[in-house]
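# Examination of the molecular architecture
These are the residues of each chain, in order.
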Amino acid sequence: RPGEELPARASSLYVVRNTDLLAGASISHTGSAGKELQPLLYSAPPGVNGGPVTMSVYTASASTGEKGEFVGVRTFKPTKRPYYEIQEKLSKETQEARAGWTRLYDFLIPYEEGVQKRWGLSKTRPIAYCKKYSCFEGIIAADIMLETVNVACQRAWEGLRKTLSNPTYGFFNVDGNNSAVFIVTSRSRYYPGDEGILIGTSNAAGNQDGTTFTSASQSANPIVAKIANATLERYPSWSAVQDSPRPVLFAFSDDGSDCVAMPDADDVPDGCTQVAMRVFKLDDSLEWLIVVGLPTKAFTQNASATRDSINATVIDQESEASHNYHKMIVIFLLVMVFMTLLSVVVGLLIARSVSEPLKRLGKRMHRLENLDTSDRTFNSHRGRFVVTEIEEVNDGFQRLTRSIKGFALFVPETVVRNMLSGDRRKRGLHVDSRVVTIMFSDVKDFTTIAESLQPPDLILTLYMYLTEMTRIVELFEGVVSEILGDGLLVFWNTPNDVDNHAAKACAAALAQQSALGTLNGQLSGRNLPQLSIRIGVHTGKVLAGNIGSETKMKFGCIGDPINLASRLEGLAKYYGVSALISGATKALLPACDFGVRKLDLVQVKGKREPTWVYELLGSLASPPPGSSPTSDSTRPSPSASVAAVPLLAATPERCKYARMYEEALNAFHQARLADAASLADALLRERPEDVAASRLLERARRPRGPQDPPWTPVLQMTEK
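For the structure given in this document, a descriptive report is provided here. (Residues numbered from 1 in each chain as written. Predicted model: local features only at pLDDT ≥ 70, side-chain atom pairs only at ≥ 80, totals over all residues. Heavy atoms only, no water.)

## A look at the nonpolar core
Among the nonpolar cores identified, the biggest contains 47 residues, and Phe 476, Trp 492 and Leu 616 are the most heavily contacted of them. Per-element tally for this core: the top contributor is helix α13 (residues 501–525), with 13 residues. When neighbours within four sequence positions are excluded, Trp 492 is seen to be in contact with Val 436, Thr 437, Met 439, Val 473, Phe 476, Glu 477, Gly 478, Val 498, His 501, Lys 504, Ala 505 and Ala 508. Leu 564, Leu 568, Tyr 575 and Val 604 belong to the second largest nonpolar core, which has 30 residues in total. (Core = buried A, V, L, I, M, F, W, Y, C linked by side-chain atoms within 4.5 Å. Buried < 20%, exposed > 50% of the residue type's maximum accessible area, 1.4 Å probe, protein only. Helix = DSSP H or I, 4+ residues; strand = E, 2+ residues; numbered from the N terminus. Contact = heavy atoms within 4.5 Å.)

If you want it as structure tokens, here you go:
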């Protein structure tokens, strides 16, 4: 019946954009003095220069929703209201857009001129087409007034009073002086100050009518205040009441002392109140506590009759149990006969079921040789009849498979595959002479970054960086030999042959630099520092294989090219570039695939012969790598998904500056120092951030004395 319907609905629904644009409507509801208020429409245009907006309010037709008469205006800033602020809090905690509840606050809407403030709370949901806060555009909010919660509590209390007034409970009478139903905020993650606030109560009056709010322990309703204070005497706070499948119970007397919960009717003292509490979770951040308080005698007045009825029921159940016992003996004999027949059938099934799991085990062993650790065959037969011993072997092999899969996370996968192939040489100490391409990479200024981060943030930053860089290296057929803290040591063309390994290593270096843009965006979203990297690449002949001792081994390479690749990564910092390759690597690159800049002839520490070094500018491929599938030599295989991996491009502007630098470098190596200084100075005027040009200009202008050693264009590095 309409008169008994509970108005458990929002009083208003509206949308707020980031620009402070607002639009919404209030639903027909009961206003002050119990009068029914007409629905309203309201809207506000975007604010100007961050200022407040003016909301216009109109009446609306309850049947058609059409706008009616102008009611008034209000000036405020929607993005400073609690329904918008809660979404700003959530956006700082998580990337995934989700709904949230506000704190209790006074409403500006529904609009009713000349009436006291109404208090309530709102549920808000972000407007984010990508379901993340990165595309957050505004909020949708619905308001719930405290009057609505009061009505719900009142209806629940009236239902209890009606139930207790029937014969089962001896026509027990309860009223507003000895009983209550109320709701309290028990936990609020974002607004801890709301804990203990009275949300709604039966028999609401005074400061509980929804025009203000107060704590439950200070309620104007005496029975509510008494129950609240008794609860806080037993629990340190409202949030200490734990959520459980059953309500939390306790009983107390008028003087605050404990009562025995629900004793026999004859022993119940006067003034004893029974309390039941249940946690109600609105979401992960907000919990309410529903509290019901009733006189204990309401439950014990008719206890004697109930006890006699239970005793009679127990006697009937004992008689029925005796009859069922004799019946079960007959059933047991029949089951024994059936089990004898079943054992014969099972014996036949076992004979046919032994060979099938053994065949499955053999197939899994063959797959493991290729490092295929999937369990398709095992899982697809789990529901069939099995022989326990054989399945234990299968389970053991499955655990072995998972262990090998985990082992492959610490050792290059190709090395593990070779060890499983059955070649004894691959499992022992051995080396082969191979021409390999080596890459060293690390993060610029990582020590400073590490000192500025807490350990969890540091581990997360390294995890995100190393995951992306490793993925790119492996797409281009590189083998990650070691993770050196913030850096990587990567090999191409060992242990397995890789075609065009120098080109693929350079393509991987450019892809790593290109991926930093996306990676830094993700780090910024987590308030983590931005990263940049330095890379050194060299190609040379090394001894590659399993090296170590009788008890410990590792896969790696031995030879001078390893040291030179490491020195190149360090030289990248000296020249202020991101990627440095040696002349040996440059000689193996396709002529038209990569843009490079000849930087210098360098004698690194520990080497007698100088080495030409080049800056890897970017890709010259057309169309740009990643735009479509290609048969380019830098792609590892048709099955690899590197066509979608963008490479850092060598722009025409960078190529122009590279040519200007190389003119200055050629003049320097021809001992035309004045010309070299002039050309380097001209480049710096156009590109003052070019560190390599600054180094060259400094060397060309360096004064020389009679005691100085003979001049040479070779840069001799005395540090690693």
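## A look at the sheet that holds strand β16 (residues 286–295)
Spatially, five strands are ordered β13-β12-β16-β15-β14 in an open sheet, and the strand pairing comes out antiparallel. Two strands lie at the open edges of the sheet, namely β13 (198–201) and β14 (248–252), each paired on one side alone. Taking each pair of neighbouring strands and ignoring which way they run, the sheet shows an average axis angle of 25°. As paired strands, β14 and strand β15 (residues 273–283) are joined by five bridges and run antiparallel to one another. From the neighbouring strand, Leu 249 faces β15, where its bridge partner is Ala 276. Along the sheet face, helix α3 (residues 222–234) touches β12 (180–188), β13, β14, β15 and β16 and points at about 110° away from the line of β14. (Pairing = 2+ DSSP bridges. Axes fitted to C-alpha atoms, helices over the stretch in contact; angles between N-to-C directions.)

## Examining the packing of helix α16 (residues 652–669) against helix α18 (residues 691–701)
One can describe the packing of α16 onto α18 by two numbers: an axis separation of 11 Å at closest approach and a directional angle of 25°. Considering their axes alone, α16 and α18 lie roughly parallel with respect to each other. Viewed along their axes, α16 and α18 form a crossing whose handedness is left-handed. Between α16 and α18, the contacting residues are Tyr 661, Ala 664, Leu 665 and Phe 668 on the first element and Ala 692, Ala 693, Leu 696, Arg 699 and Ala 700 on the second. (Parallel < 35°, antiparallel > 145°, perpendicular 65-115°, else oblique. Left-handed = near helix turned anticlockwise from the far one by under 90°.)

## Points about helix α1 (residues 82–93)
Given a rise of 1.5 Å per residue, 12 residues ought to cover 16 Å, and the 17 Å separating the end C-alpha atoms of α1 matches this to within 8%. Those residues of α1 that sit buried are Pro 82, Tyr 83, Tyr 84, Ile 86, Gln 87 and Leu 90. (Expected span 1.5 Å × (residues − 1).)

## Focus: the environment of Tyr 83
With respect to the helices and strands, the residue Tyr 83 is situated in helix α1. Residue Tyr 83 is classed as buried on the basis of its relative accessible area of 3%. Taking the C-alpha atoms as reference points, Tyr 83 and Arg 103, 20 residues apart in sequence, are found 8.6 Å from one another. Apart from residues no more than four positions distant in its own chain, Tyr 83 is found in contact with Tyr 14, Val 16, Leu 22, Phe 76, Pro 78, Thr 102, Tyr 105, Ser 122, Thr 124, Ile 139 and Ala 141.

## Some thoughts on α16
Over its 18 residues, α16 extends 26 Å from the first C-alpha to the last, a length consistent with the 26 Å expected when each residue adds 1.5 Å. For α16, the set of buried residues is Cys 655, Tyr 657, Ala 658, Met 660, Tyr 661, Ala 664, Leu 665, Ala 667 and Phe 668. Here the buried face of α16 lies against β23 (594–603), β24 (611–619), α17 (673–686) and α18. A positive phi of about 65° marks Ala 671, the residue just after α16.

## Focus on the pattern of salt bridges
Within this structure, the stated rule accounts for 26 salt bridges. The partner of Glu 137 in a salt bridge is Arg 17, and the shortest N-O contact between them spans 3.0 Å. A residue pair is termed long-range when its members are at least 10 positions apart, and Glu 137 in strand β11 (residues 136–145) and Arg 17 in strand β1 (residues 12–17) qualify at 120 residues. Given the relative accessible area of 30%, Glu 137 is considered partly exposed. Note that Glu 686 and Lys 656 form a salt bridge whose closest N and O atoms lie 3.3 Å from each other. Here the residue Glu 686 occupies a position in helix α17, and Lys 656 occupies one in helix α16, the gap between them amounting to 30 residues. The exposure class assigned to Lys 656 is partly exposed, which follows from its relative accessible area of 34%. Through salt bridges that share partners, Arg 597, Glu 615, Arg 654, Arg 687, Glu 689 and Asp 690 make up one connected network. (Salt bridge = Lys/Arg side-chain N within 4 Å of Asp/Glu carboxyl O.)

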